[in-house]
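In case you want the letters, here they are:
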Amino acid sequence: MRQQLRRRLRVLVGLILGIGTGLCALPLALVGWPARALVPGAPRRVRQVSARLVALDSRRLARFLNMEVADRCPPGRTLPYLTSRVGLAALSALVLASLLVSVLYGSLLVWGWVVFSPVATVPSGIGGAFLLFLTVQGVSGLAGFEVRLARRYLGPSEEETLRRRIAELSDSRAGVVEAISEERRRIERDLHDGVQQRLVALGMSISRAQRYPHRADELLNQARQEAAQALTELREVAWRVYPTVLDEAGLHAALETVAERSPLPVRLSYRLREAPSSAVGTVAYFVVCEAVTNAVKHSGAERVTIAVSERGDDAGGMAIRVTDDGRGGADPAGGGLLGLARRVAALDGHFEVDSPTGGPTVIAAELPCA
């Protein structure tokens, strides 16, 4: 809910700024078209001014409306785009004015009783609330129209889109290969430093029992304990490699197991209506597991909160948020977190670490639905 509100406020700010760029484009649209036809040398100057204004508007689109624009807009599209922006800016100004009026009249239901009579307050307040609803829908429609207009004139060409996609896939593939190599090295360390040492101690206890028959019971009991410890550590390594419960019972059960096995109190909120695909569920599990492990080992936290929900936009997918109340200072470029970022990127997801000094630490990931 908070993310949706933040996203809507960002869109609203983008539309307000769009009114400013539309006003700047008005004189250019009024003068540019006649100048191009009548004044020698004017087309070059018009293209230069148009390109600067389009570059400014492109930054607005990318920052507030999450619109991907081309690295370089074709010169013939800048002036038509700015001309279209004039009408859209006027429409945006009308919608935003309606928003202010609707907020004013809708708020009468809260404070109007003190100043006006109920006969005047109730109809005005209800009308203002209804107008507010319509205006909010109009803001969403304007944002969508802004994006479609920008994509029509400023969006990357098919060739540029393919080139960017190839570069992204190359980077993600290299990242996944490196993440797998790092995971193999970690498993080797766990086996060498844990299970292997236990097995060596087990063998030594059995050898000593054979050498000293009078201490056989004591040494065999010690060997039995070493075998139990080795089996426990081997299960831990196997769990970190891939938990069987993820295939048998699904992501929810796997995350509940992570919460139960953690030495810290963990609160889990799972709000997915449908089970994710195997690949998405596996990445989600490792994001949560690594985040909880880091909180236990490095943060000094007293509690951890895990929230898994559906993304609050039309794209769908899953949103993961792991928060601990530790000392903060987590390094996103560290081995574990960097590996998670590469796993998420391989699915075209988004990964973010927010860990200021003093805490709290928030590890967030957004994954597609498939």
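Preceding this section is the structure that the text describes.
Residues numbered from 1 in each chain as written. Predicted model: local features only at pLDDT ≥ 70, side-chain atom pairs only at ≥ 80, totals over all residues. Heavy atoms only, no water.

> Could you give me a rundown of the sheet that holds strand β4 (residues 350-354), with the residues and numbers involved?
Read across the sheet, five strands follow the order β1-β2-β3-β5-β4 without closing on themselves; strand pairing throughout is mixed. Each edge of the open sheet is held by one strand with a lone partner, namely β1 (266-271) and β4. With direction set aside, neighbouring strand axes in the sheet form an average angle of 10°. Sheet topology note: the strand β3 (residues 318-324)/strand β5 (residues 361-367) ladder contains seven bridges and is antiparallel. The partner of Thr323 across the bridge, within β5, is Val362. Contacts between helix α9 (residues 251-261) and the sheet are confined to β1, β2 (304-310) and β3, with β1 contributing the most and set at about 170° to the helix. Against the sheet, helix α10 (residues 278-299) engages β2, β3, β4 and β5, with an angle of about 10° to β3. (Pairing = 2+ DSSP bridges. Helix = DSSP H or I, 4+ residues; strand = E, 2+ residues; numbered from the N terminus. Axes fitted to C-alpha atoms, helices over the stretch in contact; angles between N-to-C directions. Contact = heavy atoms within 4.5 Å.)

> Please set out a positive patch on the surface residue by residue, giving values where relevant.
Residues Arg44, Arg45, Arg47 and Arg52 make up a contiguous surface patch of positive charge. Relative to the assigned elements, Arg52 resides in helix α2 (residues 42-64). (Patch = residues over 30% accessible without salt bridge, like charges linked within 9 Å, V, L, I, M, F, W, Y side chains within 5 Å. Areas by Shrake-Rupley, 256 points an atom, 1.4 Å probe, with all protein chains shown as cover. Salt bridge = Lys/Arg side-chain N within 4 Å of Asp/Glu carboxyl O. Lys, Arg positive; Asp, Glu negative; His and termini not counted. Charge placed at Lys NZ, Arg CZ, Asp CG, Glu CD.)

> So what about unusual backbone geometry? Which residues, and what values?
Of note, Asp348 is a non-glycine position whose phi angle comes to about 65°, a positive value. Summarising the element assignment, Asp348 is placed in the loop between α11 (335-346) and β4.

> Give a detailed account of a nonpolar patch on the surface, specifying residues and quantitative values.
Together, Val101, Leu104, Tyr105, Leu109, Val110, Trp111, Ile126, Phe130, Leu131, Phe133 and Leu134 line one region of the surface with nonpolar side chains, adding up to about 1100 Å² of accessible area. Residue assignment for the nonpolar patch shows that the elements contributing at least two residues are α3 (75-106), α4 (108-115) and α5 (118-153). For the nonpolar patch, the leading source of residues is α5, giving five residues. Looking at the element boundaries, Val110 is found in helix α4. The class of Val110 is exposed, set by a relative accessible area of 70%. (Buried < 20%, exposed > 50% of the residue type's maximum accessible area, 1.4 Å probe, protein only.)

> Report on the nonpolar core, specifying residues and quantitative values.
The nonpolar side chains of a soluble globular protein tend to be buried with one another. Ranked by size, the top nonpolar core spans 36 residues in total, and within it Tyr285, Met318, Ile320 and Phe351 carry the most contacts. When residues of this core are traced back to their parent elements, those giving at least two are α8 (244-248), α9, α10, β2, β3, α11, β4 and β5. Among the elements that make up this core, the one with the highest residue count is α10 (11 residues). Contacts of Phe351, omitting those with residues within four sequence positions, involve Val287, Leu337, Leu340, Ala341, Val344, Ile363, Ala364 and Ala365. By size, the runner-up hydrophobic cluster in this structure holds 25 residues, among which are Leu53, Val54, Leu79 and Val139. (Core = buried A, V, L, I, M, F, W, Y, C linked by side-chain atoms within 4.5 Å.)

> Could you give an account of the pattern of salt bridges, with specific residues and numbers?
In the structure shown here, the tally under the stated rule is seven salt bridges. The salt bridge partner of Asp57 is Arg60, with a shortest N-O separation of 2.8 Å. Residue Asp57 and its partner Arg60 are both found in helix α2; the two are separated by three residues, about one turn of the helix. With respect to burial, Asp57 and Arg60 carry one shared label: buried.

> Lay out the packing of aromatic side chains with the relevant residues and their values.
Considering all chains together, one arrives at two aromatic pairs under this definition. Here Tyr81 and Tyr153 contribute two aromatic rings whose centre-to-centre distance is 6.1 Å and whose plane-to-plane angle is 55°, an arrangement assigned as tilted. Linking Tyr81 in helix α3 with Tyr153 in helix α5, this pair joins segments that are 72 residues apart in sequence. Comparing Tyr81 with Tyr153, the two get one shared label, buried. Arranged with centres 5.2 Å apart and planes meeting at 75°, the rings of Tyr285 and Phe286 form a pair that is edge-to-face. Look at Tyr285 and you get buried, because its relative accessible area is 0%. Judged by its relative accessible area of 9%, Phe286 is buried. One cation-aromatic arrangement involves Arg152 over Tyr153; the distance from NZ or CZ to the ring centre is 5.2 Å. One residue, Arg343, lies across the ring of Phe286, its end atom 4.4 Å from the ring centre. (Phe/Tyr/Trp six-rings, centres within 6.5 Å; stacked < 30°, edge-to-face > 60°. Lys NZ or Arg CZ within 6 Å of the ring centre and 35° of its normal.)

> Describe α10, and please don't skip the residues or the numbers.
When the terminal C-alpha atoms of α10 are compared, their 30 Å separation across 22 residues agrees well with the 32 Å that a helix rising 1.5 Å per residue should span. Following α10 by one or two positions, Gly300 has its phi on the positive side, about 70°. (Expected span 1.5 Å × (residues − 1).)

> Which residues make up the side chain of Asp57, and what are the values?
Assessed through its relative accessible area of 1%, Asp57 is described here as buried. In this structure the side chain of Asp57 is engaged in a polar contact, spanning 2.4 Å, whose partner is the side chain of Tyr81. For Asp57, the residues in contact, after removing those within four places along its chain, are Thr21, Tyr81 and Arg85. (Polar contact = N/O pair within 3.5 Å; in protein donor to acceptor, adjacent residues only side chain to side chain.)

> Can you explain the environment of Tyr105? Please cite residues and give values.
In this structure, Tyr105 sits in helix α3. You can call Tyr105 partly exposed: its relative accessible area is 40%. Among residues more than four places away in sequence, those in contact with Tyr105 are Ser124, Gly125 and Gly128.

> For the side chain of Asp324, give the residues involved together with the corresponding values.
Mapped onto the secondary structure, Asp324 falls in strand β3. This buried residue, Asp324, is left without a salt bridge; Arg327 holds the nearest opposite charge, at 8.6 Å. A polar contact of 2.9 Å, which involves the side chain of Asp324, links it to the backbone nitrogen of Gly326. Sequence-distant contacts of Asp324, defined by excluding residues within four places in its chain, comprise Ala295, Ser299, Ala301, Arg303, Val304, Pro360 and Thr361.

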